[in-house]
Amino acid sequence: NGISSDSMVVIKWNACGMKEGVVQDVADLLDAGPRWDVLLYQEGPCIAGMLHKKLESGHQWFGAASSMRKRSVGILLHRRWEQASTNVIFGSSSSTTAHLDFTVEDYRLRFVTSHLPHSVYTSDDYEACLSEVEAIVDGARLERRMVLLGVVANAVIGQKWATDSVECIGLYGNGNRNDRE
């Protein structure tokens, strides 16, 4: 398949309201496609408590508790990483940010997934979520872990201006820019 045995394929996905019962279907769909190792998702199923569940396919599903919001974040780990020498620890401080510490042999990784507040939330709410992500990243650095971050930033970039780079905004914007643009 052209991928060396020491590379890892990480997918970031805005699940946009995915329901809990669909997680196995998503895993099956991923298995039918190209190789993958980790799926970092945002706006996934709303679950009552922090979750670690082994799916029928053998993949491990980790989900953050979501008591105050309709949606949550989580991580799907491919079944190939369920071995005695692999150590995984899932953590979540809110329904909007979670992380998975992954250690195998000499590899020390931290996968982080976050869904930042959209524009109806205050800038203080947004900054608090950014601070939460920063603390998780800083903690990984202290532990000498490589960080892989998947995030939905929820900035409204608006229509393209003549001074904007096509590589940053592209041809199609949406709405009016907010202060987070």
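Attention in this report is confined to the structure presented alongside it. Just so you know, these numbers come straight off a predicted model, no measurement behind them. (Residues numbered from 1 in each chain as written. Predicted model: local features only at pLDDT ≥ 70, side-chain atom pairs only at ≥ 80, totals over all residues. Heavy atoms only, no water.)

Describing the overall build of the protein chain
Item 1. Along the protein chain, the regular secondary structure elements total 2 helices and 9 strands.
Item 2. Sequence-ordered secondary structure for the protein chain, helices as α and strands as β, is β-α-β-β-β-β-β-β-β-α-β.
Item 3. The contacts of the protein chain with a sequence gap of at least 6 include a subset with a gap of at least 24, amounting to 60%.
Item 4. Here the protein chain has roughly 10,300 Å² of accessible surface; of this, 53% comes from carbon and sulfur atoms. (Helix = DSSP H or I, 4+ residues; strand = E, 2+ residues; numbered from the N terminus. Contact = heavy atoms within 4.5 Å. Areas by Shrake-Rupley, 256 points an atom, 1.4 Å probe, with all protein chains shown as cover.)

Details of the sheet that holds strand 3 (residues 51–54)
Item 1. Read across the open sheet, the 5 strands follow the order 1-2-5-4-3; overall the sheet is mixed. The outermost strands of the open sheet, each flanked by one partner alone, are strand 1 (10–14) and strand 3. Ignoring which end each strand starts from, the neighbouring axes of this sheet average 15° apart.
Item 2. Note: strand 1 against strand 2 (residues 38–44), 5 bridges, orientation parallel. Across the sheet, K12 pairs through a bridge with L40, a residue of strand 2.
Item 3. Contacting strand 1, strand 2, strand 4 (60–63) and strand 5 (72–77), helix 1 (residues 23–32) runs over the sheet at an angle of about 45° to strand 5. (Pairing = 2+ DSSP bridges. Axes fitted to C-alpha atoms, helices over the stretch in contact; angles between N-to-C directions.)

Quick word on the nonpolar core
One recurring pattern in soluble globular proteins is that nonpolar side chains are buried together.
Item 1. In terms of nonpolar packing, the biggest core is built from 15 residues, with V38, I75, L77, F90, L100, F102 and F111 touching the most fellow members.
Item 2. Sorting the residues of this core by element identifies strand 2, strand 5, strand 7 (97–104) and strand 8 (107–115) as the ones contributing at least two each.
Item 3. Among the elements that make up this core, the one with the highest residue count is strand 7 (4 residues).
Item 4. L100 has contacts with F62, I75, L77, V88, I89, F90, L109, R110 and F111, leaving out every residue within four places of it along the chain.
Item 5. Grouped together as the second largest cluster of nonpolar side chains are 14 residues, M18, L55, W61 and L76 included. (Core = buried A, V, L, I, M, F, W, Y, C linked by side-chain atoms within 4.5 Å. Buried < 20%, exposed > 50% of the residue type's maximum accessible area, 1.4 Å probe, protein only.)

A closer look at helix 2 (residues 123–142)
Item 1. Spanning 20 residues, helix 2 covers 28 Å between terminal C-alpha atoms, matching the ideal 28 Å at 1.5 Å per step.
Item 2. The secondary structure elements touched by the buried residues of helix 2 are strand 7, strand 8 and strand 9 (146–152).
Item 3. Where helix 2 ends, the next residue or the one after it, R144, has phi of about 55°, a positive value. (Expected span 1.5 Å × (residues − 1).)

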